[in-house]
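# Chains, contacts and geometry: an overview
For reference, the chains in residue letters:
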Amino acid sequence: MRLVVDLNRCQGYAQCAFLAPDVFAMHGDEGLLYDPQAEEAQRARVAQAVAACPVQAILVDELDLAGTASGAGAPPARTAPAAPAVPSAGEASHA
């Protein structure tokens, strides 16, 4: 499982280190160390850490979340709505 922590957002509350100590560790008062390639066995603890982070600084790779064999439970893919057609200057109507 791939993790990313936004270290600019992290405020050092250490909730993640308490909930998933095999993945997250505090270095000093505010420095966070973490394993960006956490083992699959840590998924439940990492999910708790993600939910408990007061500043939502922990992200799990979205592709990794959808990487199950059946894809069950994965959120549907989102696409941007199509932009409306805008006539070019030469196609403008002359009413």
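Above this note sits the structure.
Below you will find a few notes about this structure. Values in this document were obtained by computation on a predicted structure and should not be read as measured data.

## Regarding the overall build of the protein chain
- A tally of helices and strands in the protein chain yields 3 helices and 4 strands.
- Walking the protein chain from its N terminus toward its C terminus, one meets helices and strands in the order β-α-β-β-α-β-α.
- Counting across all 95 residues of the protein chain, residues that qualify as buried make up 21%.
- The long-range share in the protein chain, meaning contacts at least 24 apart out of those at least 6 apart in sequence, stands at 60%.
- With the model as given, the accessible surface of the protein chain reaches about 7,200 Å², and the carbon-plus-sulfur share is 55%.

## A few points about the nonpolar core
- Of all hydrophobic cores here, the largest spans 17 residues; its most connected members are L3, V23, F24, V46 and I58.
- Contributions of two or more residues to this core are made by β1 (3-5), α1 (15-19), α2 (43-52) and β4 (58-60).

## Quick look at empty space enclosed by the protein
- Per the counting criterion, the structure on display carries 1 cavity of 30 Å³ or more.
- There is about 100 Å³ of room inside the largest cavity.
- Residue lining of the largest cavity: 16 residues in total, with C10, Y13, A14, C16 and C53 positioned closest to the centre.
- Class assignment for the residues of the lining of the largest cavity results in 13 nonpolar, 3 polar and no charged.

Rules used throughout
Residues numbered from 1 in each chain as written. Predicted model: local features only at pLDDT ≥ 70, side-chain atom pairs only at ≥ 80, totals over all residues. Heavy atoms only, no water. Helix = DSSP H or I, 4+ residues; strand = E, 2+ residues; numbered from the N terminus. Buried < 20%, exposed > 50% of the residue type's maximum accessible area, 1.4 Å probe, protein only. Contact = heavy atoms within 4.5 Å. Areas by Shrake-Rupley, 256 points an atom, 1.4 Å probe, with all protein chains shown as cover. Core = buried A, V, L, I, M, F, W, Y, C linked by side-chain atoms within 4.5 Å. 1 Å grid on protein atoms, 1.4 Å probe; cavity = no way out; pocket = protein on both sides within 12 Å on 5 of 7 lines; lining within 4 Å. Points joined across faces, edges and corners; volume = space filled by probe spheres on them. Nonpolar A, V, L, I, M, F, W, Y, C, P; charged D, E, K, R; others polar.

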